[in-house]
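# Coordinates in review
The primary structure of each chain is shown beneath.
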Amino acid sequence: MNRALDVPRELAEPAERGTLTIGHAVVRKVAQHAADQVPGIAHDGKKGAKAKVGGLDNDVDLALDLALRYPGAVRAVVGDVREKVTEEVELITGYHVRTLAVTVSALLPAPAPRVR
C-alpha cells in the first residue's frame, strides 16, 4: 500500500497555481452547440447556428446567426436561444456573457417526411 497517496497535499495559493485560458474557438463551439439544442432551430444540412466571439478577460461578446423553422414563434425561440447559450457558456467556460446579439437569417420549412 502506498502511503504517499493517502496524505493530503497542500495546494499552493490560487495566484501561484497558474492560469487557465479558454480560447474564443472553444467559446464559439459551446455557444453554437447550445443554440443548436433549442427546439425551433433549423439545421440547413449539417450547418446549424454560427457564432462569433469577442471580448476581453472574463467577459465575452457573442453574435449568433441562425435559421429557424417556419412557421414558429420567432421571439420565443430567440428568447430560448439567448437563455440556453448564456447559461451554457457561463457554466462551461466560467466567462460572463456581456452581450449576445442574435440574427435570424432564414426561416426554413420543416423537412419533408421520408417515404419508405
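In this text, all values refer to a predicted model and were calculated from it rather than measured experimentally. (Residues numbered from 1 in each chain as written. Predicted model: local features only at pLDDT ≥ 70, side-chain atom pairs only at ≥ 80, totals over all residues. Heavy atoms only, no water.)

### Considering helix H1 (residues 24-36)
- Helix length check: H1 (13 residues) gives 18 Å between terminal C-alpha atoms against 18 Å at 1.5 Å per residue, within 8%.
- Within H1 the residues assigned to the buried category are Val27, Val30, Ala31, Gln32, Ala34 and Ala35.
- Of the surrounding elements, those touching the buried residues of H1 are strand E1 (41-42), strand E2 (50-54), strand E3 (59-70) and helix H2 (74-93). (Helix = DSSP H or I, 4+ residues; strand = E, 2+ residues; numbered from the N terminus. Expected span 1.5 Å × (residues − 1). Buried < 20%, exposed > 50% of the residue type's maximum accessible area, 1.4 Å probe, protein only. Contact = heavy atoms within 4.5 Å.)

### Some words on H2
- A rise of 1.5 Å per residue sets the reference length of H2, with its 20 residues, at 28 Å; its end C-alpha atoms lie 28 Å apart and thus fit the reference within 8%.
- Buried within H2 we find Val77, Val78, Val81, Val85, Glu88, Val89 and Thr93. Projected down its long axis, H2 shows its buried positions confined to an angular sector of 105°, all on one face. Those residues of H2 that are exposed and aimed more than 90 degrees away from the buried face are Arg75, Glu83 and Leu91.
- Next to the buried residues of H2 lie H1, E1, E3 and strand E4 (96-109).
- Looking one or two places after H2, you find glycine 94, whose phi comes out positive at around 80°. (Arc of directions from axis to C-beta.)

### Overview of the pairing of E3
- Here E1 runs beside E3; their pairing, made up of two bridges, is antiparallel. Within E3, the position partnered with isoleucine 41 by the bridge is leucine 68.
- Hairpin geometry of E2 and E3 is characterised by an intervening segment of four residues between the two adjacent antiparallel strands and by a positive phi of about 115° at glycine 55.
- Sheet topology places E3 next to E4; 12 bridges connect them, and they run parallel. The residue bridging aspartate 61 from the neighbouring strand is threonine 99, located in E4.
- In the classification by handedness, the crossover that spans E3, the intervening H2 and the parallel E4 is right-handed. (Pairing = 2+ DSSP bridges. Right-handed = clockwise from strand over helix to strand, strands pointing away.)

### What to know about the nonpolar core
- Leu62, Leu64, Leu66, Val81, Val85 and Val89 are the most contacted members of the largest nonpolar core, which has 24 residues in total.
- Looking at this core, the elements that each hand over two or more residues are H1, E3, H2 and E4.
- With residues near it in sequence (within four places) discarded, leucine 66 still touches Ile41, Ala49, Val81, Val102, Thr103, Val104, Ser105 and Ala106. (Core = buried A, V, L, I, M, F, W, Y, C linked by side-chain atoms within 4.5 Å.)

### Let's talk about the packing of H1 against H2
- Close contact between H1 and H2 brings their axes to 8 Å; oriented N to C, the two are set at 140°. Relative to H2, the element H1 lies oblique. Once H1 is placed against H2, the crossing between them reads as right-handed. The residues of H2 that touch H1, namely those facing Val27, Val30, Ala31, Ala34 and Ala35, are Val81, Lys84, Val85, Glu88, Val89, Ile92 and Thr93.
- For the contact of H1 with H2, the class distribution of residues is nine nonpolar, one polar and two charged. (Axes fitted to C-alpha atoms, helices over the stretch in contact; angles between N-to-C directions. Parallel < 35°, antiparallel > 145°, perpendicular 65-115°, else oblique. Left-handed = near helix turned anticlockwise from the far one by under 90°. Nonpolar A, V, L, I, M, F, W, Y, C, P; charged D, E, K, R; others polar.)

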